[in-house]
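A closer look at the structure
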Amino acid sequence: MTPLHEGWTLRALPGPEVPAAVAGRVVPATVPGCVHTDLLAAGLVPDPYLDDNETRLAWIGRTDWVYETTFDRPSGGHQRLDLVCAGLDTVATVTLNGAEVGRTENMHRGYRFDVTALLRAGDNALAVRFDSPYRYAEAHRDRLGDRPNAYPEPFPFIRKMACNFGWDWGPTVVTAGIWREIGLHGWSTARLRTVRPLVTVAGGEGRVELHVDVERAADVPVTVRASVAGADAEARIAAGEHRAVLTLTVRDPQLWWPWGYGDQARHTLDVALVDGDGAVLDTWRRRIGFRSVRVDTAPDAHGAPFALHVNDTPIFVRGVNWIPDDAFPSRITRQRLARRFDQAAGANVNLLRVWGGGRYESEDFYELADERGLLVQQDFPFACAAYPEEEPFATEVAAEAAEQVVRLAPHPSLVLWTGNNENIWGWHDWDWQEPLAGRTWGRGYYLDLLPRIVAELDPTRPYWPGSPWSGSEDIHPNDPAYGTTHIWDVYNTADYLTYREYVPRFVAEFGWQAPPAYATLRRALTDEPLAHDSPGMVHHQKATDGDRKLRRGLDAHLPAPRDFDDWHYFTQLVQARAIQVGVEHFRSHRDRCTGTIVWQLNDCWPVTSWSAVDGDGRRKPLWYALRRAYADRLLTVQPRDGGLALVAVNETGSPWRTGATVTRLTLAGEPRAKTAVELDVPPYSSVVRALPAELARPEEARRELLLAEAGEEAERALWFYAEDRDVAWPAAGYDATVEPADAGHRVRVSARTILRDLTLFPDRLDPSAEVDEALVTLLPGESVTFTVRAHTPLDPAALTRRPTLRCVND
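Let me sum up the structure you'll find in this document. Given the structure is predicted, the values throughout are model-derived calculations rather than measurements.

**Notes on the overall build of the protein chain**
- Within the protein chain, the secondary structure is distributed over 16 helices and 44 strands.
- Here the C-alpha atoms of the protein chain give a radius of gyration of 28 Å, agreeing with the 28 Å that 2.2 N^0.38 yields for 810 residues.
- Classification of the 810 residues of the protein chain by burial places 61% in the buried group.
- Taking the contacts inside the protein chain whose residues are at least 6 apart along the sequence as the reference set, 69% of them involve residues at least 24 apart.
- Summing over all exposed atoms, the protein chain offers an accessible surface of approximately 29,500 Å²; the carbon and sulfur share of this is 48%.
- Between the centroid of the 87 positive side chains of the protein chain and the centroid of its 113 negative side chains there is a distance of 1 Å.

**Quick look at the sheet that holds strand 6 (residues 91-96)**
- Spatially, the six strands line up as an open sheet ordered 3-2-4-9-6-7, and their pairing is antiparallel. Only two strands of the sheet have a single neighbouring strand rather than two, namely strand 3 (26-28) and strand 7 (99-105). Ignoring which end each strand starts from, the neighbouring axes of this sheet average 20° apart.
- The pairing of strand 2 (residues 9-12) with strand 3 spans three bridges and is classified as antiparallel. Across the sheet, residue Thr-9 finds its bridge partner in strand 3, namely Pro-28.

**Let's talk about the side chain of Asn-420**
- Locating Asn-420 in the fold gives a position in the loop between strand 26 (414-418) and helix 6 (423-429).
- In this structure Asn-420 comes out as buried when scored by relative accessible area, which is 0%.
- Here Glu-422 takes part through its backbone nitrogen, which lies 3.3 Å from a polar atom of the side chain of Asn-420.
- Only 2.9 Å separates the side chain of Asn-420 from the backbone oxygen of Pro-465, close enough to count as a polar contact.
- Among residues more than four places away in sequence, those in contact with Asn-420 are Arg-353, Asp-379, Phe-380, Phe-382, Tyr-446, Pro-465, Gly-466 and Ser-467.

**A few points about empty space enclosed by the protein**
- In the structure shown here, the tally under the stated rule is seven cavities of 30 Å³ or more.
- Here the largest cavity is characterised by a volume of approximately 70 Å³.
- Lining the largest cavity, in full, are Pro-197, Leu-198, Val-199, Gly-289, Arg-291, Ala-409, Pro-410, His-411, Pro-412, Asp-458, Thr-460 and Arg-461.

**Some details on unusual backbone geometry**
- Cis rather than trans, the peptide bond between Ser-467 and Pro-468 has omega equal to 5°.
- In this structure, the amide linkage connecting Arg-802 to the following residue, Pro-803, adopts the cis form with an omega of 10°.
- If you trace the backbone, Pro-803 turns up in the loop between helix 16 (796-799) and strand 44 (805-806).
- Even without being glycine, Asn-348 reaches a positive phi, approximately 65°.

**Digging into the sheet that holds strand 44**
- The strand order across the open sheet built from three strands is 42-40-44, with neighbouring strands paired in antiparallel fashion. Looking along the sheet, the strands with just one partner apiece sit at the ends: strand 42 (776-778) and strand 44.
- In the sheet, strand 40 (residues 755-760) pairs with strand 42 via two bridges, with the strands oriented antiparallel. Bridge pairing in strand 42 places Leu-758 opposite Val-776.

**As for the packing of aromatic side chains**
- Taken as a whole and assessed by the stated rule, the structure comprises 45 aromatic pairs.
- On the basis of an interplanar angle of 90° and a centroid distance of 5.9 Å, the ring pair of Tyr-496 and Trp-512 is categorised as edge-to-face. In this pair, Tyr-496 sits in the loop between helix 9 (489-493) and strand 29 (507-509) while Trp-512 sits in the loop between strand 29 and helix 10 (518-524), placing the two residues 16 residues apart along the sequence.
- Every member of this aromatic cluster is reached through a ring pair, and the members are Tyr-151, Phe-155, Trp-167, Trp-169, Trp-355, Phe-382, Tyr-387, Trp-427, Trp-441, Tyr-445, Tyr-446 and Trp-599.
- Of note, Arg-159 hangs over the ring of Phe-382, and the distance from its end group to the ring centre comes to 4.3 Å.
- Lying across the ring of Trp-179, Arg-180 places its NZ or CZ 5.9 Å from the centre.

Calculation notes
- Residues numbered from 1 in each chain as written.
- Predicted model: local features only at pLDDT ≥ 70, side-chain atom pairs only at ≥ 80, totals over all residues.
- Heavy atoms only, no water.
- Helix = DSSP H or I, 4+ residues; strand = E, 2+ residues; numbered from the N terminus.
- Rg over C-alpha atoms; globule rule 2.2 N^0.38 Å.
- Buried < 20%, exposed > 50% of the residue type's maximum accessible area, 1.4 Å probe, protein only.
- Contact = heavy atoms within 4.5 Å.
- Areas by Shrake-Rupley, 256 points an atom, 1.4 Å probe, with all protein chains shown as cover.
- Lys, Arg positive; Asp, Glu negative; His and termini not counted.
- Charge placed at Lys NZ, Arg CZ, Asp CG, Glu CD.
- Pairing = 2+ DSSP bridges.
- Axes fitted to C-alpha atoms, helices over the stretch in contact; angles between N-to-C directions.
- Polar contact = N/O pair within 3.5 Å; in protein donor to acceptor, adjacent residues only side chain to side chain.
- 1 Å grid on protein atoms, 1.4 Å probe; cavity = no way out; pocket = protein on both sides within 12 Å on 5 of 7 lines; lining within 4 Å.
- Points joined across faces, edges and corners; volume = space filled by probe spheres on them.
- Phe/Tyr/Trp six-rings, centres within 6.5 Å; stacked < 30°, edge-to-face > 60°.
- Lys NZ or Arg CZ within 6 Å of the ring centre and 35° of its normal.

Here is the structure:
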């Protein structure tokens, strides 16, 4: 294909919303890209991610825009020349040399237009007009009748990334533009319209059932040839026919496994379309993986599980939810995705759930997941709203779903399709039924259309109608005993210790908020001074009652903050503890709970949110807590039957046999009681050992803790008998030294007293700085060395004092 990415310009069509500074201006445009980023590059709008600038850009989504370029007709004697648009956002009219080529109204689809007859020698003028997304969506809303949704925006009435219209973690930046590649494709005789490999493995035999569909420019016989892992096949497609099915069989193929379970073996699948003389007309190449996937939902004594099996091996899902990494998708590079994947794997994550308010993720995303063995659950893009099933939406949804199921079929990392995010739950519990008054709301998509498309086009993968979903319309969709559940009442209304009241089968969402890193706040906000309720902080907190919920979580556990520095550290600490408590509790019930997907890994801009990695890519303390809680081998102390128990979880393929000691200590490190426990944990399982009463019950709750250790294969576990706000902490006493290290410093802290959740925040000194460890609790006499990497030398004295170095009892 010949890319058409150069020479584009952008202009606004006249309208009452257009500011004088933009009206009549023609600016250079970057393709792929969008209106917001082009206007930003031209200096015509402020950065919507800074302060409250977002509020000054609402007019962009209510304006019509035109992209224009010129190009020369490609050389060559092709029978067909097609204009190929991989992604247009969203309501577009495409014209070539003044003639209308086509119209689009779906961001999630690609389009191909035959422009052979419209092209001329020399310059050709190409224009793409984008109509206001708001005007389109509101017109359909008014025609079909409004539908309930979580936000006062018309996103259910346009097939566009819903979170463009704002979310409880995202800005309202309603975009338009040529957001993916555009170009000319010249071809003759025939081309490969779609190639759909259905890859299975059973009984030591890998099988690729290859479905090929061709488009013709000439009615002559053609042949499809395919090869993979030493196997070859070909099929003749007679004149007048368009389809062929080839089967390739590979004996004992190397399998593709999730990371931690085996190698990510991939095999190049080559497909060629040739004419009667053997000349190659078109080719297609992907790297596939042989692996099986299924979900066990057979009812049992506790309800019905949701247990993922890959290659007949049960996988405990250690997942995170994934949102678009930028509100402007064209800015998301493969390098940026690779960094996020590194951060996910570094936190011992094995599954990314692509949430339904965003997009079908990119080829770069899926290739990285295939490479690294990260499993992917892909939601169809429906979230938190009742969606109309009338036209044009029924046709659009069917077309986009079919296109995307075929596109993603080669990727072994994709293990589950999900129909929507929270919409079936919403219909049940969010007071939708009365205002809907019998109007459609999406049920037909989730329980009929989408499962039919997946079953027809990719039966190798499971489909699940929603997240959450119980498995049956006869059972409440968010019943924790059945299928998948979302736990949001804890964050919204309760204390995080309430997670321990749930023993769900599979937790697909739960989370806790915290602000981003200090350096991220300082880049994004000009507030002086920063405060939890300063204007910029308020604007970058999108959740309902978000600040109040942060304070509720803080007040339940920690001392009252003295200043913003305390508030920032404490709220980040509460987030980390909340998720660690939840994950360790759910994993301790591994016999019933088969997975957790934390909300959320990433952010799309600088914001107070549930993320472990903030909008500037900085790891929050939650990331370090998640790395511990998702470790392959986990030692955790849990309340059980009125006492305490030591739980050992082994998420490896080898038995874990070790001795453990559990000691009740004073805060000064003096032992009061001790026991030894022998652990023999089979692969992919857990054991629970009840602790004796002299360990479960302290003499002085405010002055004691429990310490469990099991050698170097697992991090030690701590249990405090009282909340931090009630503990009789000694004033923090420590000695600290700083030494130069490669690209940074080593900071060694030696404790003279207990130091609770010792954390270093080097980004306060240099925005590039990051540290290898956080949330370390030291007993008197113990020490820890932090490795800090930064682009510039840091002040050693500042590295070892507040607010850069913090602990609860400082």
